Protein chains: 2
Amino acid sequence: MPPIAASGQPTLREVAARAGVSLITASRALAADKPGLPVRPATRAAVQRAADELGYRPNAMARAMRGRRHDQVGALVVNNPGARLTNLAAYEYLLGLNAGLEPHGITLSLVRLTDLDGHHPERVRALREQLLDAFVAVSHLPASVVERLDASGDRVVWLDTDRRAASGCIARDEAAAGRLAAETLLARGRRRLVLLRPAKLDHYSLAERARGVAAAAAAAGVPLVELLTGPGYVTDPPERLRAALGADAGLVLSTPTVALRTLALLAGWGLVPGRDLGVACCDADDLLVNGWPELTRIENPRHGLGERAAALLVRLLAGEAAPASETVAGVLVPGTTA
Amino acid sequence: MPPIAASGQPTLREVAARAGVSLITASRALAADKPGLPVRPATRAAVQRAADELGYRPNAMARAMRGRRHDQVGALVVNNPGARLTNLAAYEYLLGLNAGLEPHGITLSLVRLTDLDGHHPERVRALREQLLDAFVAVSHLPASVVERLDASGDRVVWLDTDRRAASGCIARDEAAAGRLAAETLLARGRRRLVLLRPAKLDHYSLAERARGVAAAAAAAGVPLVELLTGPGYVTDPPERLRAALGADAGLVLSTPTVALRTLALLAGWGLVPGRDLGVACCDADDLLVNGWPELTRIENPRHGLGERAAALLVRLLAGEAAPASETVAGVLVPGTTA
DNA sequence: CTGAAAGCGCTTACAG
DNA sequence: CTGAAAGCGCTTACAG
């Protein structure tokens, strides 16, 4: 790689020379974020013109080094090669984070972790080096990464993770989501519940939703059956699911991914949701909402949660020690499938 | 004692002092990427130990500035606030890019553009400043951003965009995808075709797929009807789609999002794909493949395409002027719905 | 209002 | 094999 300056990019020194002022004056004239600096308007204009003519772009690295402002944060996301889109919802979080950070000129870097990295976080450059001002942990992280973050002293915002603390956490009320989904099915006259959920409860939301569904079933005195899905989000064999269904059954879907897989199975069997059985989902992302708007569901505004986490990050970077945590409840959207 | 860095993080100077060597020697001892450097094993070990004891993390900014290595690239992705997940497939590209870049120690930053930014690319920090070594343009970008990239002299890899050049582009053969999907339906005995696609052809793939489907229909001498979906990926009203279907009809779905919406409609109508009509999709991402494995489809390995783009970026950063472009054909997966 | 000096933390020449 | 010097591009004190 050629040296940065040799890449043909003009430096501030060249801008200053062209404007006929010193390097320092040029720096101040272009410091848009410090409007109070004493610079003569004519000087500022001359520098600005020189910068425009040369196509000057400030070197963010140099600025970061001298001015202690990187303005870069990293999003820690788990994504295993074998199950690439298990954490698809993370993308909606990332977009919300980005939307909330961009107005502040803060850049978001994607720090992808695998469970393998989980055992060797020192191999991840973003964790090994001083590269980012802060991190946002998205959804579930390996324990070794969490330990390293805690030990590092880095600033971290926890977005939809199982961490509960007075500050720095954005979480959801998932037990309420499970209860709401189940209660809605029962209110529509379904007399028994079937919960379809991933076998592995690796994220707090999965266990809490199951608890909420169980609580609703117990309160109503109706039977509840749990069916588990494997890595491919299929009950094995699918006929076990089919056998458990019926017009008196309310099928509670645990996640958007499970919902999509179930939708395809129902379609293949010619079973009409809402008529041949009741269906409700404890969680819905933008994709599911757009693709299956008829679905009775609890919507979690992930984009908005990402923006909230961004607001926490901004305050953290501004020096605020401990911005308070927030818990957000999902919203029931009735639909027609319950 | 050397001064403590204001960030609280130990510097290389402190490591050197602790190890009893000079700053320069410490730098060389830790330069893992230059194994040929002459450093005595004992010296290297002492420096390494001092670094470990202090919890030293090299400052990537300083290294970038002096050592001419940022090792950060930006992924340019369009995402409009009003239609957040239109570009969902981008996430799969990002994960693939990340997987391909990480082994080289290259970090990926998310540079989100809106169509609004499209008119004001100078407002996007990553474009305004020198922050990233190179860019990867993902899918469709606003013309003003493309112009700015071309004018900037920045290194760019074009991933699934409509740019066709001898170097630096990873693209897909989309006309073949449309043709394949249509031909598969006809081979299963469907006697007329219905193409369901977004009204707005803002990505090259949409127009090419439509062309491929039309070519297949013409070659077989069967009628073809095009139905258009709006922003919410619904035909308005949905009954227009229903009226067009039938056991003799082969329904060609243009995109994964259209496929998901259609799946929900068919399920609501109790129409069984493969029995009550034929269905095939011109494109499938990981989510659709996992959720609807029965679907007859053309699979586009976006993760793999991202990895290919990463390989191009690595070669670009290594100084190679023009790594050759690649065109990748999707793979037909028969399924049971045609 | 403007400029000379210092230095952010590191690596790359160049001498020993 | 190791160290003193220079400097990447910029901003932040401090003087005028």
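The rules we used
- Residues numbered from 1 in each chain as written.
- Chains lettered and ligands numbered in written order.
- Predicted model: local features only at pLDDT ≥ 70, side-chain atom pairs only at ≥ 80, totals over all residues.
- Heavy atoms only, no water.
- Phe/Tyr/Trp six-rings, centres within 6.5 Å; stacked < 30°, edge-to-face > 60°.
- Helix = DSSP H or I, 4+ residues; strand = E, 2+ residues; numbered from the N terminus.
- Buried < 20%, exposed > 50% of the residue type's maximum accessible area, 1.4 Å probe, protein only.
- Near = heavy atom within 4 Å.
- Polar contact = N/O pair within 3.5 Å; in protein donor to acceptor, adjacent residues only side chain to side chain.
- Nonpolar A, V, L, I, M, F, W, Y, C, P; charged D, E, K, R; others polar.
- Pairing = 2+ DSSP bridges.
- Axes fitted to C-alpha atoms, helices over the stretch in contact; angles between N-to-C directions.
- Contact = heavy atoms within 4.5 Å.
- Least-squares fit on C-alpha atoms with pLDDT ≥ 70 in both.
- Salt bridge = Lys/Arg side-chain N within 4 Å of Asp/Glu carboxyl O.
- Parallel < 35°, antiparallel > 145°, perpendicular 65-115°, else oblique.
- Left-handed = near helix turned anticlockwise from the far one by under 90°.
- Core = buried A, V, L, I, M, F, W, Y, C linked by side-chain atoms within 4.5 Å.
- Buried area = accessible area lost by both parts, 1.4 Å probe.
- Domains from an automatic or database assignment.

Student: What am I meant to see in the packing of aromatic side chains here?
Tutor: Aromatic ring pairs are described here by two measures, namely the spacing of the ring centres and the angle between the planes. If you walk through the whole model with that rule in mind, you get 1 aromatic pair over all chains. Aromatic pair Y91(A) and Y91(B): ring centres 4.8 Å apart, planes at 25 degrees, arrangement stacked. You can see Y91(A) sitting in helix α5 (residues 89-101) and its partner Y91(B) sitting in helix α5 (residues 89-101), one on each of two chains. Across the pair, Y91(B) and Y91(A) agree in class, each one buried.

Student: Help me understand the protein's contact with DNA strand C in this model?
Tutor: Around DNA strand C, a shell composed of 27 residues is seen, among which T25(A), T43(A), R66(A), L12(B) and Y56(B) lie nearest. Each atom of DNA strand C within 4 Å of the protein was classed as base or backbone; sugar and phosphate made up 54%. Within the backbone of L12(B), one N or O atom sits 2.4 Å away from a phosphate oxygen of DNA strand C. The side chain of Y56(B) places a nitrogen or oxygen atom 2.5 Å from a phosphate oxygen of DNA strand C. Secondary structure elements with two or more residues in the surface near DNA strand C: α2 (23-29) and α4 (60-67) of chain A together with α2 (23-30) and α4 (60-67) of chain B. Residue composition of the surface near DNA strand C, grouped by class: 12 nonpolar, 7 polar and 8 charged.

Student: Honestly, the sheet that holds strand β3 (residues 134-138) of chain B in this entry has me stumped. Any pointers?
Tutor: The pairing of strands in a sheet happens through backbone hydrogen bonds and is either parallel or antiparallel. Strand order across the open sheet formed by 12 strands is β11(A)-β5(A)-β4(A)-β3(A)-β1(A)-β2(A)-β2(B)-β1(B)-β3(B)-β4(B)-β5(B)-β11(B), with mixed pairing between neighbours. Every other strand in the sheet has two partners, leaving β11 (326-328) of chain A together with β11 (326-328) of chain B as the edge strands with one partner each. Mean inter-strand twist for the sheet, computed between neighbouring axes without regard to direction, equals 25 degrees. In this sheet, strand β4 (residues 155-159) of chain B lies alongside β3(B) in parallel orientation, the contact comprising 5 bridges. If you follow V136(B) over to β4(B), its bridge partner there is V157(B). Where helix α8 (residues 143-152) of chain B meets the sheet, it contacts β1 (72-78), β2 (107-113), β3 and β4 of chain B, and its direction lies at approximately 140 degrees from that of β4(B).

Student: What is the right way to read the pairing of β2(B) from this model?
Tutor: Side-chain positions along a regular strand alternate between the two faces of the sheet. By the criterion of burial, β2(B) is predominantly enclosed, with 7 of the 7 residues buried. Both faces of β2(B) are covered, namely the face carrying T107(B), S109(B), V111(B) and L113(B) and the face carrying L108(B), L110(B) and R112(B). Note: strand β2 (residues 107-113) of chain A against β2(B), 3 bridges, orientation antiparallel. Opposite S109(A), over in β2(B), you have S109(B) as the bridge partner. Where β1(B) and β2(B) come together, 7 bridges link them in parallel fashion. Looking across to β2(B), one finds that V73(B) is bridged to L108(B).

Student: Help me understand the sheet that holds strand β6 (residues 192-198) of chain A, please; the structure alone is not making it clear to me.
Tutor: Residues and elements named next belong to chain A. Read from one edge to the other, the open sheet built from 6 strands follows the order β7-β6-β8-β9-β10-β12, with strand pairing classed as mixed. Two strands lie at the open edges of the sheet, namely β7 (224-229) and β12 (331-333), each paired on one side alone. Strand-to-strand, the axes of this sheet are offset by a mean angle of 20 degrees, without reference to chain direction. With 5 bridges joining them, β6 and strand β8 (residues 249-253) adopt parallel strand pairing. Within the sheet, the bridge partner assigned to L196 lies in β8 and is L253. Running over the sheet, helix α12 (residues 256-269) touches β6, β7, β8 and β9 (278-281) and is turned about 135 degrees from β8.

Student: Help me understand the relation of the copies chain A and chain B, please; the structure alone is not making it clear to me.
Tutor: Between the two copies, chain A and chain B, the superposition gives an RMSD of 0.1 Å; the rotation angle is 180 degrees and the shift along the axis is 0.0 Å. Seen this way, the second copy is the image of the first under a two-fold rotation axis. Both copies present the same face, since 94% of the interface residues in chain A are matched by interface residues at the equivalent positions in chain B.

Student: Is there a simple way to explain helix α1 (residues 12-19) of chain B in this structure?
Tutor: Working note: α-helix, 3.6 residues per turn, so residues spaced by three or four point in the same direction. Of all the residues in α1(B), the buried ones are L12(B), E14(B), V15(B), A16(B) and A19(B). Looking at the buried side of α1(B), the elements it contacts are α2 and α3 (41-54) of chain B.

Student: Explain the pattern of salt bridges here, please?
Tutor: In the structure shown here, the tally under the stated rule is 40 salt bridges over all chains. The shortest N-O distance in the salt bridge between E53(A) and R49(A) comes to 3.7 Å. You can see E53(A) and its partner R49(A) sitting in helix α3 (residues 41-54), 4 residues apart, about one turn around the helix. Among the salt bridges present, the one from R112(B) reaches E102(A), with a minimum N-O distance of 3.5 Å. Of this pair, R112(B) sits in strand β2 while E102(A) sits in the loop between α5 and β2, placing the two residues on different chains. Judged by relative accessible area, which is 24%, E102(A) ranks as partly exposed.

Student: What should I look at first to understand the packing of α12(A) against helix α12 (residues 256-269) of chain B in this one?
Tutor: Axis angle and axis distance: for two packed helices, these are the angle between their axes and the distance between the axes, and together they describe the pair. Running from amino to carboxyl end, α12(A) crosses α12(B) at an angle of 45 degrees, the nearest separation of the two axes being 9 Å. When the interaxial angle is binned, α12(A) and α12(B) end up oblique. Between α12(A) and α12(B) lies a crossing whose hand is left-handed. Contacts between α12(A) and α12(B) involve L260(A), L263(A), A264(A) and A267(A) from the first element and L260(B), L263(B), A264(B) and A267(B) from the second.

Student: Would you mind going over the pairing of β1(B) with me for this structure?
Tutor: Residues and elements named next belong to chain B. For β1, the tally of buried residues reaches 7 of 7 residues, placing the bulk of the element in the interior. Bridge count between β1 and β3: 4 bridges; the pairing is parallel. Residue pairing in the sheet places L76 in a bridge with A137 of β3.

Student: Just checking my understanding: could you explain the nonpolar core for this structure?
Tutor: In summary, soluble globular proteins display a tendency toward joint burial of nonpolar side chains. By size, the foremost hydrophobic cluster in this structure holds 111 residues, and its most contacted members are L94(A), L97(A), L94(B) and L97(B). Formed by 42 residues, the second largest nonpolar core is a distinct cluster that contains V111(A), L149(A), A60(B) and M61(B).

Student: Sorry, what's going on with the interface of chain A and chain B here?
Tutor: Interface size is commonly expressed as the accessible surface area that is lost when the partners come together. Taken together, the contact between chain A and chain B spans 72 residues of the former and 73 residues of the latter. In total, chain A and chain B occlude about 7,000 Å² of area from one another, counting both sides; carbon and sulfur atoms represent 58% of this. Where chain A meets chain B, there are 8 salt bridges. Residue R63(B) pairs with E129(A) through a salt bridge whose shortest N-O separation is 2.9 Å. Counting the contacts that link chain A with chain B gives 28 residue pairs in polar contact (both at pLDDT 80 or more). Among the secondary structure elements, those contributing two or more residues to the side of chain A that touches chain B are α4, β1 (72-78), α5, β2, α7 (125-128), α12 and α13 (286-291) of chain A. Partitioning the side of chain A that touches chain B into residue classes produces 37 nonpolar, 19 polar and 16 charged.

Student: In this structure, what is going on with the domain arrangement of chain A? I would like to understand it.
Tutor: Residues and elements named next belong to chain A. Annotation of chain A at the domain level lists domain 1 (5-67), domain 2 (72-172 + 304-329) and domain 3 (174-300). Summarising the inter-unit geometry, the C-alpha centres of domain 2 and domain 3 are found 29 Å apart. Facing 11 residues of domain 2, the contacting portion of domain 3 comprises 13 residues. Summed over both sides, the interface of domain 2 with domain 3 buries roughly 1,000 Å², with 45% coming from carbon and sulfur. Where domain 2 packs against domain 3, one counts 1 salt bridge. Between R172 and E174 there is a salt bridge, with its nearest N and O atoms 2.5 Å apart. Summed over the shared surface of domain 2 and domain 3, the result is 6 residue pairs in polar contact (both at pLDDT 80 or more). Looking at the side of domain 2 that touches domain 3 residue by residue, the classes come out as 2 nonpolar, 4 polar and 5 charged.

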